[in-house]
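Coordinate inspection notes
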Amino acid sequence: MPHPAPRPPRILLLSAALLLAAGCAAPAGGSADRAPAGVPSRELSAAELRAAAVTDADLGPGFTVTVITPGRGGTGPDGGREAADKPACQPLLDAVAPASAAGRADGPASEGPVPAVPYAETDLSVALAADPAGSLYGGLLGYRGDRAARLLDELEGLFVPCAEFASTAPPPPAEKGRGVTRTTHRLSRNETPTPEGADEVTGFTLTNESGGVVLAQRAVLARVGPALVVFSTVGVGAEPAPAPDERVVRRQVAGLRAAQRG
């Protein structure tokens with residue numbers, strides 16, 4: 001997010017290790033709206049997760065879906081990880097601009113902070129012909145055990161301590177002579193209804209106030225069993241980031257749930 005042009009998340013997505021500080025437990029009654037328990041689900045393989053990604057045919061005329069290879073974008077091992085000055089706020093940056101290559105399997109579940117590196121990930125962008133400003137960047141992220149649920153709980157606890165924070169990021173490989181970029185961020189919660197088929201959802205807007213242009217990324221994270229569906233939109237300057245198209249979110253949630261049941 002230190003660059004003025006929007007880039008695809010992995011949701012714009014989450015394949016970085018999300019290092020959470022202690023003391024950020026989710027508050028009771030947060031906006032992570034939970035669906036009834038007991039819906040059958042299973043962990044999908046990387047190939048199954050990719051096959052579950054929404055397509056042009058699923059969405060109908062006016063939508064163009066492009067699958068993005070994880071790791072291709074402004075972040076990643078070559079581009080460097082954007083680091084929050086408050087370690088507890090790091091998950092928010094990783095949610096909208098993941099920082100490490102996919103395919104790193106997460107290890108056994110453990111207590112304490114959630115090292116939320118997905119074992120599998122598929123990224124995509126969805127362009128809307130009738131509303132180019134409403135184009136979405138997103139991803140499907142597979143986690144082991146209860147890590148997806150724990151991650152959303154941790155994110156729910158960050159709205160107060162991370163209402164304002166800063167970050168630094170190294171320059172991309174092509175601009176190695178440039179110094180680090182320092183960015184100010186502001187965070188706000190978006191009340192978001194739970195899509196049918198999802199277990200819970202949370203939504204937020206995170207601004208990037210580096211340089212003369214303010215970027216705002218509005219993100220929706222929906223948990224479907226052990227996986228996350230992540231979509232975000234981008235607003236520039238005075239133009240607010242629109243809410244991610246509910247039709248796309250609902251269709252992707254339904255597709256992922258069907259794959260898990262299959």
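Before reading on, note that the structure itself is shown above.
**Focus on the overall build of the chain**
Counting its secondary structure elements, the chain contains five helices and nine strands. Ordered by position from the N terminus, the helices and strands of the chain form the series α-α-β-β-α-β-β-α-β-β-β-β-β-α. Here the chain holds 262 residues, and 53% of them are scored as buried. Approximately 10,800 Å² of the chain is accessible, and the part contributed by carbon and sulfur atoms is 56%.

**So, the pairing of strand 9 (residues 227-236)**
In terms of burial, strand 9 is largely enclosed, as nine of its 10 residues are buried. Note that strand 4 (residues 136-142) and strand 9 share six bridges and pair antiparallel. When the bridges of strand 9 are listed, Gly138 appears paired with Phe231. Where strand 8 (residues 215-224) folds back on strand 9, the antiparallel hairpin that results is connected by two residues, among which Gly225 adopts a positive phi of roughly 60 degrees.

**Notes on the packing of aromatic side chains**
Following the criterion strictly, the structure yields zero aromatic pairs and no others. For Arg144, the ring lying beneath its charged end belongs to Tyr119, and the centroid distance is 3.7 Å. If you follow Arg189 out to its NZ or CZ, it ends over the ring of Phe159, 4.1 Å from the centre.

**Comments concerning the state of the cysteines**
Under the defined criterion, the tally for this structure stands at one disulfide. Bridging Cys89 to Cys162, the disulfide has an S-S length of 2.0 Å. Here Cys89 and Cys162 share a disulfide; its torsion about the S-S bond, -100 degrees, makes the bridge left-handed. Remark: Cys162 occurs in the loop between helix 4 (147-156) and strand 5 (164-169) and Cys89 occurs in the loop between strand 2 (83-84) and helix 3 (90-96); sequence separation between them is 73 residues.

**Considering the pattern of salt bridges**
The tally for this structure, following the rule as stated, stands at 11 salt bridges. The residue Glu43 makes a salt bridge to Arg144 at a minimum N-O spacing of 2.9 Å. In this pair, Glu43 is assigned in the segment before helix 1 (46-51) and Arg144 in the loop between strand 4 and helix 4, connecting sequence segments 101 residues apart. On the basis of relative accessible area, Glu43 is assigned to the partly exposed category, the value being 32%. Arg186 is paired through a salt bridge with Glu164; the nearest N and O atoms lie 2.9 Å apart. On the criterion of sequence distance, the pair formed by Arg186 in strand 6 (residues 181-189) and Glu164 in strand 5 is long-range, its members being 22 residues apart. Shared partners join several salt bridges into a network, and the residues in it are Asp199, Glu200, Arg223 and Arg257.

**Some words on helix 5 (residues 246-261)**
For an α-helix, the turn length of 3.6 residues means that residues three or four places apart are oriented alike. In this model helix 5 runs 22 Å from its N-terminal to its C-terminal C-alpha over 16 residues, within 8% of the 22 Å that 1.5 Å per residue would give. By the burial criterion, the buried members of helix 5 are Val248, Val249, Gln252, Val253, Gly255, Leu256, Arg257 and Gln260.

**Observations regarding helix 4**
Of all 10 residues in helix 4, nine are buried, a share of seventy percent or more. Here helix 4 has its buried residues at Arg147, Ala148, Ala149, Arg150, Leu151, Leu152, Glu154, Leu155 and Glu156. Taken together, the buried residues of helix 4 touch helix 3, strand 6, strand 7 (200-208), strand 8 and strand 9.

The rules behind these values
- Residues numbered from 1 in each chain as written.
- Predicted model: local features only at pLDDT ≥ 70, side-chain atom pairs only at ≥ 80, totals over all residues.
- Heavy atoms only, no water.
- Helix = DSSP H or I, 4+ residues; strand = E, 2+ residues; numbered from the N terminus.
- Buried < 20%, exposed > 50% of the residue type's maximum accessible area, 1.4 Å probe, protein only.
- Areas by Shrake-Rupley, 256 points an atom, 1.4 Å probe, with all protein chains shown as cover.
- Pairing = 2+ DSSP bridges.
- Phe/Tyr/Trp six-rings, centres within 6.5 Å; stacked < 30°, edge-to-face > 60°.
- Lys NZ or Arg CZ within 6 Å of the ring centre and 35° of its normal.
- Disulfide = S-S within 2.5 Å.
- Salt bridge = Lys/Arg side-chain N within 4 Å of Asp/Glu carboxyl O.
- Expected span 1.5 Å × (residues − 1).
- Contact = heavy atoms within 4.5 Å.

The quantities given are spatial measurements derived from coordinates; they are silent on function.
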